[in-house]
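The primary structure of each chain is shown beneath.
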Amino acid sequence: MADGPNHQTQPWPGPSSRQPLDLHSTTRSPGEQQCDFAGPFSPGKRGRKNPNQPPILAMASRGGGARRTRPNVLVTGTPGTGKTTTCSLLADAVDLRHINIGDLVREKSLHDGWDEELECHIINEDLVCDELEDMMGEGGILVDYHGCDFFPERWFDLVVVLQTDNSILHDRLTSRGYMGAKLTNNIECEIFQMLLEEARESYKEEIVMPLRSDNVEDISRNVGTLTEWINNWRPSRS
Ligand SMILES: Nc1ncnc2c1ncn2[C@@H]1O[C@H](COP(=O)(O)OP(=O)(O)OP(=O)(O)O)[C@@H](O)[C@H]1O
């Protein structure tokens, strides 16, 4: 089991939510309203993992890395911001294993079925966390997903949030066939920087790294920046 908030299955709130709409999630903390995005229009904000945890324990779990000899990195961002492209190049450049959560969910059926209306799988966050737990403990994992608040905080040493100019992202998503509410929701997600906010609410601010991803030069620079960061990373001695 993941050690994040207690997960429960709740119905998807519908296309008015600002959740990115590729693989959506239905597991949420008890008492939380049926909104998948904590943002300007959401009724309830999702806080950091274990908000009741005393600060000293939060410090002790930070980095989780007593056992890790390689860092774990999460690359998140709205669909189309370049997560998979960036992770593929980065995984080739450094000794990290790229895990695309969408692919993992499909391959291992870590979902609660298919939503016909939204045309996406309903991801089961508990199954995903259970599947990843052991390998995350070993370290050296590059996780690629358009959400970040349900993973245990202790898993990651760095959380990268890719961001793209709205009009550029609009063109990328329409060229992938996105339209209607799915397109609008994802563009609004980017306009309101939902993923950056989610990352900052879920992880220590100092490990959250926003990076522009508007063009190929950005990708190249980001891969260089992240390669340097990974190669310079050292396990914490705590
Ligand atoms: N910085 C960039 N410059 C130019 N093209 C890009 C950039 N980032 C992504 N793209 C293009 O946009 C498309 C989507 O990229 P990619 O699949 O990497 O995004 P993603 O964030 O992983 O999306 P998803 O969450 O849907 O998997 C691809 O065609 C890719 O080549």
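All figures in this text were calculated on a predicted structure; none of them were measured in a lab. (Residues numbered from 1 in each chain as written. Predicted model: local features only at pLDDT ≥ 70, side-chain atom pairs only at ≥ 80, totals over all residues. Heavy atoms only, no water.)

1. Some points on the overall build of the protein chain
Per the secondary structure count, the protein chain includes eight helices and ten strands. By the burial criterion, 55% of the 238 residues in the protein chain qualify as buried. Considering only intrachain contacts with a sequence separation of at least 6, the fraction spanning at least 24 residues in the protein chain is 73%. Carbon and sulfur atoms form 50% of the exposed surface of the protein chain, whose accessible area is close to 10,800 Å². (Helix = DSSP H or I, 4+ residues; strand = E, 2+ residues; numbered from the N terminus. Buried < 20%, exposed > 50% of the residue type's maximum accessible area, 1.4 Å probe, protein only. Contact = heavy atoms within 4.5 Å. Areas by Shrake-Rupley, 256 points an atom, 1.4 Å probe, with all protein chains shown as cover.)

2. Details of the nonpolar core
Core analysis: the biggest nonpolar cluster contains 30 residues, and Ile101, Val128, Leu132, Phe151, Phe156 and Tyr203 have the highest contact counts within it. Looking at this core, the elements with two or more residues in it are α3 (101-108), α4 (125-138), β8 (141-144), β9 (158-163) and α7 (194-202). With 17 residues, the next largest nonpolar core counts Leu90, Leu96, Leu162 and Leu211 among its residues. (Core = buried A, V, L, I, M, F, W, Y, C linked by side-chain atoms within 4.5 Å.)

3. A closer look at the environment of Leu89
Mapped onto the elements of the fold, Leu89 is located in helix α2 (residues 83-93). Note on Leu89: relative accessible area 43%, which makes it partly exposed. In this structure the C-alpha to C-alpha distance between Leu89 and Thr227, which are 138 residues apart in sequence, comes to 9.9 Å. Residues within four places of Leu89 in sequence aside, it is in contact with Ile219 and Val223.

4. Digging into the pattern of salt bridges
On inspection of all chains with the given rule, the structure shows eight salt bridges. For Arg212, the salt bridge identified is with Asp214, shortest N-O distance 3.3 Å. (Salt bridge = Lys/Arg side-chain N within 4 Å of Asp/Glu carboxyl O.)

5. Regarding α3
Taken as a whole, α3 has its buried residues at Ile101, Gly102, Leu104 and Val105. Buried residues along α3 cover an arc of 165° about the axis, so they all sit on one side. Taken together, the buried residues of α3 touch β5 (97-100), β6 (111-115), β7 (120-123), α4 and β8. Two or three places before Gly102, at the start of α3, stands the capping residue Asn100, its side-chain oxygen 3.0 Å from that residue's backbone nitrogen. (Arc of directions from axis to C-beta. Polar contact = N/O pair within 3.5 Å; in protein donor to acceptor, adjacent residues only side chain to side chain.)

6. Some details on helix α8 (residues 216-232)
With 17 residues, α8 extends 24 Å between its outermost C-alpha atoms, agreeing within 8% with the 24 Å of an ideal straight helix rising 1.5 Å per residue. If you check which residues of α8 are buried, you get Asp218, Ile219, Asn222, Val223, Leu226, Thr227 and Ile230. Down the axis, α8 shows its buried residues gathered within 165° of arc, on one side only. Opposite its buried face, α8 presents the exposed residues Glu217, Ser220, Glu228 and Asn232, each directed more than 90 degrees away. (Expected span 1.5 Å × (residues − 1).)

7. A few points about unusual backbone geometry
It is generally the case that most residues other than glycine have a negative phi and that most peptide bonds are trans. In this structure, Ser109 is a non-glycine residue whose phi angle is positive, near 55°. Considering the arrangement of structural elements, one finds Ser109 in the loop between α3 and β6. The exposure class assigned to Ser109 is partly exposed, which follows from its relative accessible area of 46%. Even without being glycine, Gln193 reaches a positive phi, approximately 50°. Residue classification places Gln193 among the partly exposed positions, given a relative accessible area of 39%.

8. Section: the site of the ligand
Within the structure, the ligand sits among 16 residues, and Gly80, Lys83, Thr84, Thr85 and Arg176 are positioned closest to it. In this structure, an oxygen atom belonging to the ligand sits 3.0 Å away from a main-chain N or O atom of Gly80. In isolation the ligand offers 630 Å² of accessible surface; the protein chains occlude 73% of this area. At the level of elements, α2 and α8 are the ones that each hand at least two residues to the shell around the ligand. Residues belonging to the shell around the ligand are distributed by class as follows: three nonpolar, eight polar and five charged. (Near = heavy atom within 4 Å. Nonpolar A, V, L, I, M, F, W, Y, C, P; charged D, E, K, R; others polar.)

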